[in-house]
Amino acid sequence: DILNHRKRKSFYKFASTSGAAAFAIPTQLGGTELWIIRTVSALATYFGLVAYTDRPRGHIDVPDPSILDVRQSNVPGAGLGLFYAGS
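Rules used throughout
Residues numbered from 1 in each chain as written. Predicted model: local features only at pLDDT ≥ 70, side-chain atom pairs only at ≥ 80, totals over all residues. Heavy atoms only, no water. Phe/Tyr/Trp six-rings, centres within 6.5 Å; stacked < 30°, edge-to-face > 60°. Lys NZ or Arg CZ within 6 Å of the ring centre and 35° of its normal. Helix = DSSP H or I, 4+ residues; strand = E, 2+ residues; numbered from the N terminus. Contact = heavy atoms within 4.5 Å. Salt bridge = Lys/Arg side-chain N within 4 Å of Asp/Glu carboxyl O.

Novice: Summarise the packing of aromatic side chains; cite the residues concerned and give the values.
Specialist: For the structure shown, the criterion picks out one aromatic pair. In this arrangement the basic side chain of Arg38 is found over the ring face of Trp35, its NZ or CZ atom lying 4.7 Å from the centre.

What follows is the structure, given as structure tokens:
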């Protein structure tokens, strides 16, 4: 029981910020906790990159902008559409 008490005691290191408040910082992490941290980090990185790179930038590369026509879409309720106006 003393060994378990020492393990529990060494698991948390107590620190304070200017003596005002104390909080616990884990000093050891098990395999499960590490995999949870890795998974959350990987998912946050993936979704962050997708959100950043998978958005339209509002720029169309056309040699002559007069060949494009902006008018009401043929789909009801869809708003404006971009159509080819050249011949």
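Novice: Can you lay out the environment of Gln72 for me, pointing to particular residues and giving the numbers?
Specialist: By the secondary structure assignment, Gln72 is in strand S3 (residues 68–72). Along the sequence, Gln72 and Phe83 sit eleven residues apart, while their C-alpha atoms lie 9.6 Å from each other. In this structure, Gln72 is in contact with Gly79, Leu80, Gly81 and Phe83, ignoring residues within four places of it in sequence.

Novice: Tell me about the pattern of salt bridges, and please be specific about residues and values.
Specialist: This structure, assessed with the given rule, holds one salt bridge. With a shortest N-O distance of 2.8 Å, Asp69 and Arg71 are connected by a salt bridge.

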